[in-house]
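# Chain and residue survey
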Amino acid sequence: MAANTHGIEVGEISKMEEGTATTMISGKDDASFGFCSSPSVVSLTQMILAEFIGTYFLIFAGCGSVAVNKIYGSVTFPGICVTWGLTVMVLVYTLGHVSGAHFNPAVTFSSAVFGRFPWWQVPYYIGAQLLGSILASGTLALVLDITPESYFGTVPVGPNGRSLVLEILISFILMFVNFSVSTDHRANGDLGGIAVGMIILVNVLVAGPVSGASMNPARSIGPAIVKKVFKGLWVYIIGPIIGTVAGGFAYNLLRPTDKTFEELTRNPILKKPSTV
């Protein structure tokens, strides 16, 4: 789900950046606690922790189903698709109200591009997502007998260009659905987790046999680092970023507006969209 600012006030953010935020303890303004005492710092820490935990379990469950299927053959390809979709759906409903449930550097970056997420929080989110993916991949490598044949990362099948196109397309539709259910007041937000989970399932079903259906740089970078398999990794970094930015741009064209089409398409990416 695309994130919002989660109620962090502008004044508090300014204090956080300057390191001067304080809190009231026993009725007294105890400045000795400084930066770490600000409620906004606590809120940001909770958001980062949610992204770390969410990404960890997303990779553990999703990539775990890939590895288990390759080793034991008990999950099946449709089962892998369902695992990814259900895991995303559950995590959206579990952590969406805490961090926005990104679990994906491309989603975080694209949300910031369109003014739906503050740029200064982007490095924290991406760092948490990458760390969660690396640790989850390490856990799988530790508990399962991972051979080159049972590698649970993403490697292009055939030309890199083919997988790149697929990653762009499936990341496009992922972000298009994401923006619809999480940033447009006309959508039924209560069903957002189901919609995002189902589009993940469909994307994996369609593109999985060719590109691995990453849609998520963290999903590919973690296993690649742990198992030292870097073939075609650039596809899974560039493709999702291009696709999610394009998907966000496309959905912005459908937002309610009183502007003309010419005004709507003039430098839309760098402008903060309407909050309606």
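Keep in mind it's a predicted model, so treat the numbers as computed, not measured.

Across its full length, the chain carries 10 helices and 2 strands. Secondary structure elements of the chain occur, N-terminal to C-terminal, as α-β-β-α-α-α-α-α-α-α-α-α. For the chain, the proportion of its 276 residues judged to be buried stands at 49%. Within the chain, counting contacts between residues at least 6 apart in sequence, those at least 24 apart form 75% of the total. If you sum the accessible surface of the chain, you get close to 12,800 Å²; carbon and sulfur atoms cover 67% of it.

The next thing to look at is the nonpolar core. Trp84, Phe152, Ile200, Val204 and Met215 are the most contacted members of the largest nonpolar core, which totals 34 residues. Where this core is concerned, the elements lending two or more residues are helix 2 (39–72), helix 3 (77–99), helix 5 (122–143), helix 6 (160–183) and helix 7 (192–211). With near-sequence residues (within four places) excluded, Phe152 lies in contact with Cys63, Val66, Ala67, Ser137, Leu140, Ile146, Arg219, Pro223 and Lys227. The next biggest cluster of nonpolar side chains, apart from the first, holds 7 residues, and it includes Val107, Val113, Met175 and Tyr251.

Our next topic: empty space enclosed by the protein. Under the counting rule described, the total for this entry stands at 1 cavity of 30 Å³ or more. By volume, the largest cavity amounts to about 220 Å³. If you go around the largest cavity, you meet 20 residues; those closest to its centre are Leu58, Val88, Asn104, Ile200 and Asn216. Sorting the residues of the lining of the largest cavity by element identifies helix 3, helix 6 and helix 7 as the ones contributing at least two each.

This part covers unusual backbone geometry. Despite not being glycine, Phe103 shows a phi value in the positive range, around 55°. Residue position: Phe103 is located in the loop between helix 3 and helix 4 (105–113). The class for Phe103 is buried, based on a relative accessible area of 4%. Non-glycine residue Lys228 carries a positive phi angle of around 55°. Take Lys228: it is sitting in the loop between helix 8 (217–227) and helix 9 (235–252).

Before going further, it helps to examine the packing of helix 6 against helix 9. The N-to-C vectors of helix 6 and helix 9 enclose an angle of 40°; their axes lie 6 Å apart at closest approach. In this view, helix 6 runs oblique relative to helix 9, as classed from their interaxial angle. In this structure, helix 6 meets helix 9 at a crossing whose hand is right-handed.

The residues that UniProt annotates with the feature "transmembrane region" (unreviewed entry) are residues 47–68, 75–95, 124–144, 164–181, 193–212 and 233–254. The span residues 75–95 shows a helical share of 90% and a strand share of 0%, and its end C-alpha atoms are spaced 26 Å apart. Taken as a whole, residues 164–181 contains 100% helix and 0% strand, while its terminal C-alpha atoms sit 26 Å from one another.

Turning next to the side chain of Thr87. Mapped onto the fold, Thr87 is located in helix 3. With a relative accessible area of 15%, Thr87 lands in the buried category. Only 2.6 Å separates the side chain of Thr87 from the backbone oxygen of Thr83, close enough to count as a polar contact. When sequence neighbours within four positions are dropped, the list of residues in contact with Thr87 reads Phe57, Leu58 and Ala61.

Here we come to the packing of helix 4 against helix 9. Interaxial distance between helix 4 and helix 9 falls to 9 Å at its minimum, and their mutual angle equals 40°. With respect to their mutual orientation, helix 4 and helix 9 come out oblique. When the axes of helix 4 and helix 9 are compared, the crossing they make is right-handed. Across the interface between the two elements, Ala106, Phe109 and Ser110 from helix 4 touch Pro240, Ile241, Thr244 and Val245 from helix 9. Considering only residue class, the contact of helix 4 with helix 9 consists of 5 nonpolar, 2 polar and no charged.

For any pair of aromatic rings, geometry is given as the distance between the ring centres together with the angle between the planes. Using the criterion set out here, one finds 9 aromatic pairs in the structure. Plain terms: the ring middles of Tyr56 and Phe60 are 6.2 Å apart, the flat faces sit at 5° to each other, and that makes the pair stacked. With Tyr56 and Phe60 both in helix 2 and 4 residues apart, the pair spans about one turn of that helix. On the accessibility criterion, Phe60 (32% relative accessible area) is partly exposed. Their ring planes at 80° and their centres at 5.8 Å tell us that Phe114 and Phe179 sit as a pair that is edge-to-face. A residue pair is termed long-range when its members are at least 10 positions apart, and Phe114 in the loop between helix 4 and helix 5 and Phe179 in helix 6 qualify at 65 residues.

What counts as what
- Residues numbered from 1 in each chain as written.
- Predicted model: local features only at pLDDT ≥ 70, side-chain atom pairs only at ≥ 80, totals over all residues.
- Heavy atoms only, no water.
- Helix = DSSP H or I, 4+ residues; strand = E, 2+ residues; numbered from the N terminus.
- Buried < 20%, exposed > 50% of the residue type's maximum accessible area, 1.4 Å probe, protein only.
- Contact = heavy atoms within 4.5 Å.
- Areas by Shrake-Rupley, 256 points an atom, 1.4 Å probe, with all protein chains shown as cover.
- Core = buried A, V, L, I, M, F, W, Y, C linked by side-chain atoms within 4.5 Å.
- 1 Å grid on protein atoms, 1.4 Å probe; cavity = no way out; pocket = protein on both sides within 12 Å on 5 of 7 lines; lining within 4 Å.
- Points joined across faces, edges and corners; volume = space filled by probe spheres on them.
- Axes fitted to C-alpha atoms, helices over the stretch in contact; angles between N-to-C directions.
- Parallel < 35°, antiparallel > 145°, perpendicular 65-115°, else oblique.
- Left-handed = near helix turned anticlockwise from the far one by under 90°.
- UniProt positions renumbered as here; feature names shortened; annotations may be inferred.
- Polar contact = N/O pair within 3.5 Å; in protein donor to acceptor, adjacent residues only side chain to side chain.
- Nonpolar A, V, L, I, M, F, W, Y, C, P; charged D, E, K, R; others polar.
- Phe/Tyr/Trp six-rings, centres within 6.5 Å; stacked < 30°, edge-to-face > 60°.

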